[in-house]
Amino acid sequence: RGRRFSGMVVDDRNLPIDGATVFVVDKSAAFRYKPLSSQSLPPGTGVKTIAGKFELTGIGAGVQSLGIVHPNFVRAMSVVSESQSVTDLRFELRQGGSLHGRVFDGVGRPARGTTLHFSDRTAATGWAWDRKLAAVITNDEGEYQVSHLPANPITILRSDDEFSEGVLQQTVLPIEGAVREIDGG
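For every chain, the first residue of its written sequence is number 1, and the numbers climb from 1 along that sequence. Owing to the predicted nature of the model, reporting of local features is limited to residues with pLDDT of at least 70; listing and counting of side-chain atom pairs is limited to 80 or more, with chain, interface and lining totals taken over all residues. Hydrogens are left out, water is left out, and the side-chain values use all remaining heavy atoms of the structure.

(A) Fine view of the side chain of S6. The residue S6 is located in strand β1 (residues 3–10) in this model. A polar side-chain atom of S6 sits 3.4 Å from the main-chain carbonyl oxygen of T87. Sequence-distant contacts of S6, that is, excluding residues within four places in its chain, are made with F54, E55, V86, T87, D88 and L89. Secondary structure elements are taken from DSSP: a helix is a run of H or I of four residues or more, a strand is a run of E of two residues or more, and numbering for both begins at the N terminus. Counted as a polar contact is a pair of N or O atoms within 3.5 Å, where, for protein atoms, one must be capable of donating a hydrogen and the other of accepting one, and residues adjacent in sequence contribute only when both atoms are in side chains. A contact between two residues is defined here by any heavy atoms of the two lying within 4.5 Å.

(B) Structural view of the sheet that holds strand β7 (residues 86–92). The strand order β4-β1-β7 describes an open sheet built from 3 strands, whose pairing is mixed. The open sheet has two edge strands, β4 (53–59) and β7, and neither has a second partner. Here the average twist between neighbouring strands, direction ignored, is 25 degrees. Where β1 lies against β7, 5 bridges are found, and the strand directions are parallel. Bridge pairing in β7 places V9 opposite F91. We treat two strands as partners when DSSP finds at least two bridges between them. Helix axes are fitted only over the stretch in contact, all axes being lines through C-alpha atoms; the angle between N-to-C directions runs from 0 to 180 degrees.

(C) Focus on the nonpolar core. By convention a nonpolar core is built from buried Ala, Val, Leu, Ile, Met, Phe, Trp, Tyr and Cys residues, the set being connected through side-chain atoms within 4.5 Å. Exposure is judged per residue with a 1.4 Å probe applied to protein chains only, and the accessible area is read against the type maximum: over 50% gives exposed, under 20% gives buried, and values in between give partly exposed. Counting 16 residues, the largest nonpolar core has F5, V9, L66, I68, L89 and F91 as its most contacted members. Of all the secondary structure elements, the ones that give two or more residues to this core are β1, β4, β5 (64–69) and β7. Of all hydrophobic cores here, the second largest spans 15 residues; its members include L133, Y144, V146 and L149.

(D) Inspection of the pairing of β5 at higher detail. For β5, the buried fraction is high: 6 of the 6 residues fall into the buried class. What you see with β5 is no split at all: Q64, L66 and I68 on one side and S65, G67 and V69 on the other are buried throughout. Relative to β5, strand β2 (residues 21–24) runs antiparallel, the two sharing 4 bridges. Paired with F23 across the two strands is G67, which belongs to β5.

Next comes the structure, spelled out in structure tokens:
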């Protein structure tokens, strides 16, 4: 019983994406842009696309938000407001951009083991942990890499900001399909 949502998930070349997870967002969980990946969804949440196609059944009435995650693409969310079933939904996932760089401490040495958080909130709009897109830890050379970020302003925040010298937060713009070198410290 309930509503039915079905449709396609494609890439920017209109090719079907296999293995994307499509799920109804639990409004009580403050999803916003979580989860970071399909691995962080509770077991049995949503459905996997097969040849790009998906079908969700038993959906309640009212406005619903659908989340779409795949490890090789920027995650997406869409609001479906109709009270009827919707059988022609189409979602385009983008590859996104990547950031790579090195982080240094206050005296110019590589900052190994530093956690960096990536959010789609900028300093102007205020940091929000529920808008976190990714988190990485720098290696022994202070290097990091993060992929599949949306081509929108992204804020990088060091988690050790209370004990660090140097740049603690910066806003950057990933470029779709490219790797940008962004150093900090």
